[in-house]
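The residues making up each chain are set out below.
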Amino acid sequence: MGLLYLLKYHFVSIVIACALFLLLFFTFSYTRNIEGIIITSWIEDKSSTPVTGPFFEKFSKDPFTVFLSTEIENSEMLFNGSRKYLYIPQLYHSYIAVYVDGIKIGSNGFSEKRSGYFWNQPLLFELPDNFKKITLEISGLYRVGTDSGIYIIPSSELVKYRILSFLTEKAILMNIGMAFSIGIVLIIISLALSTTDKKIYFYLGMASILGSIWLFDLIGLSHVGRVFLLQYRKLTVSSAYFALSFLVLGFSHNYPSKKKIFDRIFLFINLIAGFSFWIAPNLVALESFISSISIVLLLDVFYLISKFVLIQSKVLLSTVLFFIMCVMSDALVIALGIKGAKLISSYGIAAMFLGFVYYLVNNYKEMLVRLTVTHAKSLIDSLTGAYNRGIFAEFNVDEKDVLVYLDVNRFKEINDTYGHEVGDMILKQLVQTIKNHTRQSDAVVRMGGDEFLLILKGCSVEKASEIAQKILSDFQKIHPCRPTFSYGISTFENTLNQTLKKVDDLMYGVNYPPSIEVVAWYKP
């Protein structure tokens, strides 16, 4: 029943997450559904060995170069005279040069150093109208090959190249910047917090930063060198699992389970997975490690699903579900070696941490509101609703303001005759009467017992006297005992303490008779 209620409550969030994932999935599928001619046969020039099928792959512990050639018949008849392009959606290489009938038409990477690392971004080379032979010179630091095929396409298919290029280049850089920035923001917020909240913000911030480091593995590098590339890839790939470790810590503190051992097991698994990459002796072994350890990603999916039911925020639930689906997709792609599929966890990382920012910043705002309300309550007299003396530290009073000091007459007698409940009611009614005749910018302060201070902003003494008389008139009507009060009025002079002393003296008749700046009312 609880799960059914949760599904109904989060139905819209679940639909949005699924819709976003399907949109991303079908967008990538659209770019893979290429209308063109896929080249299915290549000849490796040095060995004259045919490479059958659209996919080929070669590994070596040392940098190497291969030359692949293919013959194209009746190229001038392709695509009804449309411009033709050689399109490679994905190719592992450090350098590639494309030759058509012996003439170089384009390249990627440095031809002399050949020390780059490219694999995720698509490649496009414009072909002449008529040609017979295409030759590829492909160098790699440890790996060359493609699992997406190589195509000859018409210009009408360029939109798929542009979309894929955006998703694997500009969008990745945007996701890196977003994830890193979010991580910094979360860690900065954690510095202002304490106890559990501090840990949650810090853990999620570290997860976001480490996630952004992992995304660098998807970026092409023009010059790295084989030794540096090994350490670089160890850092980026292991960061994915260290990020998941911090994510487990964040979830375990924000959504604690009854069995803490469950959280600790997944934390331990991800830490072991992250450190295991550092024992890979070379890049070829590292690729094997990446495929083997990808099963941990599937385990992480099950862990996140176990926490999924505890999430109350609709926005956060939607982004976490989207992340779960992206991670599951990538885990299957890596573990099963699905040809031509792109990794999409980068979009899940960016989305999930945006959800966490929304959720945690909302919590932070609510906490600030609670602190503000608590602080405001500390400045309010609990009986009358007037401010207490603490307001003087925050309320600015200047020479344009007028102060009115009030003291209820015969208040002890009222308490003795009618009881303290009536006395309390009279004080409350006095404050309410004052508020009825003053503005929101004015303030009434309970100075103690039955004494009150009225601060009238930007007011004249004459107007203050008029207001005091109206308050007095209404105040006398609140009870059959017809309560009254004495008051003294003065403009603000020099300091607040000096002005308070003056209006207090005026109220008791010191230096009486009053002038226009002094009004005093005495009990009959």
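Scroll up for the structure.
## Here we look at the nonpolar core
Part 1 of the reasoning: One finds Tyr241, Leu247, Phe251 and Tyr347 to be the most contacted residues of the largest nonpolar core, which totals 91 residues.
Part 2 of the reasoning: Beyond its immediate sequence surroundings of up to four residues, phenylalanine 251 is in contact with Pro256, Tyr303, Leu304, Lys307, Ile311, Val320 and Phe356.

## Description of helix α3 (residues 158–191)
Part 1 of the reasoning: When the terminal C-alpha atoms of α3 are compared, their 49 Å separation across 34 residues agrees well with the 50 Å that a helix rising 1.5 Å per residue should span.
Part 2 of the reasoning: Along its length, α3 reaches its greatest deviation from straightness, about 35°, at alanine 171.

## Quick look at the sheet that holds strand β1 (residues 37–38)
Part 1 of the reasoning: Strand order in the open sheet made by the four strands is β1-β12-β6-β9, with antiparallel pairing throughout. Of all strands in the sheet, those with a lone pairing partner are β1 and β9 (123–127), marking the two edges.
Part 2 of the reasoning: With five bridges joining them, strand β6 (residues 84–88) and β9 adopt antiparallel strand pairing. Paired with leucine 86 across the strands is phenylalanine 125, a residue of β9.
Part 3 of the reasoning: Across the sheet, α3 is in contact with β6, β9 and β12 (151–154); its angle to β6 comes to roughly 35°.

## Looking at the packing of helix α12 (residues 420–436) against helix α13 (residues 461–475)
Part 1 of the reasoning: At a minimum axis separation of 9 Å, α12 and α13 run at an interaxial angle of 140°. Considering the angle they form, α12 stands oblique to α13. Along this stretch, α12 crosses α13, giving a crossing that reads as right-handed. Residues Ile426, Leu430, Thr433 and Ile434 of α12 lie in contact with α13, whose contacting residues are Ile471, Asp474 and Phe475.
Part 2 of the reasoning: Among the residues forming the contact of α12 with α13, the class breakdown is five nonpolar, one polar and one charged.

## A few points about the sheet that holds strand β14 (residues 443–448)
Part 1 of the reasoning: Spatial ordering of the open sheet is given by β14-β15-β13-β16, a layout of four strands whose pairing is antiparallel. At either end of the open sheet lies a strand with only one pairing partner, and these are β14 and β16 (485–491). For this sheet, the mean angle separating the axes of adjacent strands, direction not counted, is 20°.
Part 2 of the reasoning: Here β14 pairs with strand β15 (residues 451–456) via five bridges, running antiparallel. Bridge pairing links alanine 443 to isoleucine 455 in β15.
Part 3 of the reasoning: Packing of helix α14 (residues 496–507) onto the sheet brings it into contact with β13 (402–408), β14, β15 and β16, and relative to β16 it is tilted by some 140°.

## Section: a nonpolar patch on the surface
Part 1 of the reasoning: A contiguous nonpolar patch, built from Ile295, Leu299, Phe302, Ile305, Met328, Leu332, Leu336 and Ile338 and spanning about 710 Å² of accessible area, is present on the exposed surface.
Part 2 of the reasoning: Put simply, the parts of the chain that give the nonpolar patch at least two residues each are α8 (295–308) and α9 (314–336).
Part 3 of the reasoning: Per element, the largest residue contribution to the nonpolar patch is four residues, and it comes from α8.
Part 4 of the reasoning: By the secondary structure assignment, leucine 332 is in helix α9.
Part 5 of the reasoning: On the basis of relative accessible area, leucine 332 is assigned to the partly exposed category, the value being 36%.

## Describing the packing of α8 against α9
Part 1 of the reasoning: Following both chains from N to C, one finds α8 and α9 inclined at 160°, their axes separated by 9 Å at the closest point. Taken as axis vectors, α8 and α9 run roughly antiparallel relative to one another. Handedness of the crossing formed by α8 with α9: left-handed. Side by side, α8 and α9 meet where Leu297, Leu298, Val301, Leu304, Ile305 and Phe308 of the first sit next to Leu317, Leu321, Phe323, Ile324, Val327, Met328, Ala331, Leu332 and Ile334 of the second.
Part 2 of the reasoning: Of the residues belonging to the contact of α8 with α9, the class tally is 15 nonpolar, no polar and no charged.

## Some thoughts on the side chain of aspartate 330
Part 1 of the reasoning: Topologically, aspartate 330 is positioned in helix α9.
Part 2 of the reasoning: Buried and unpaired, aspartate 330 has arginine 32 as its nearest opposite-charge partner, separated by 10 Å.
Part 3 of the reasoning: Within the structure, the side chain of aspartate 330 is placed 2.8 Å from the backbone nitrogen of isoleucine 344, a separation counted as a polar contact.
Part 4 of the reasoning: The contact partners of aspartate 330, leaving out residues within four places of it in the chain, are Trp214, Lys342, Leu343, Ile344 and Ser345.

Rules used in this analysis
- Residues numbered from 1 in each chain as written.
- Predicted model: local features only at pLDDT ≥ 70, side-chain atom pairs only at ≥ 80, totals over all residues.
- Heavy atoms only, no water.
- Core = buried A, V, L, I, M, F, W, Y, C linked by side-chain atoms within 4.5 Å.
- Buried < 20%, exposed > 50% of the residue type's maximum accessible area, 1.4 Å probe, protein only.
- Contact = heavy atoms within 4.5 Å.
- Helix = DSSP H or I, 4+ residues; strand = E, 2+ residues; numbered from the N terminus.
- Expected span 1.5 Å × (residues − 1).
- Bend = angle between axes of the 7 residues up to and from the residue.
- Pairing = 2+ DSSP bridges.
- Axes fitted to C-alpha atoms, helices over the stretch in contact; angles between N-to-C directions.
- Parallel < 35°, antiparallel > 145°, perpendicular 65-115°, else oblique.
- Left-handed = near helix turned anticlockwise from the far one by under 90°.
- Nonpolar A, V, L, I, M, F, W, Y, C, P; charged D, E, K, R; others polar.
- Patch = residues over 30% accessible without salt bridge, like charges linked within 9 Å, V, L, I, M, F, W, Y side chains within 5 Å.
- Areas by Shrake-Rupley, 256 points an atom, 1.4 Å probe, with all protein chains shown as cover.
- Salt bridge = Lys/Arg side-chain N within 4 Å of Asp/Glu carboxyl O.
- Lys, Arg positive; Asp, Glu negative; His and termini not counted.
- Polar contact = N/O pair within 3.5 Å; in protein donor to acceptor, adjacent residues only side chain to side chain.

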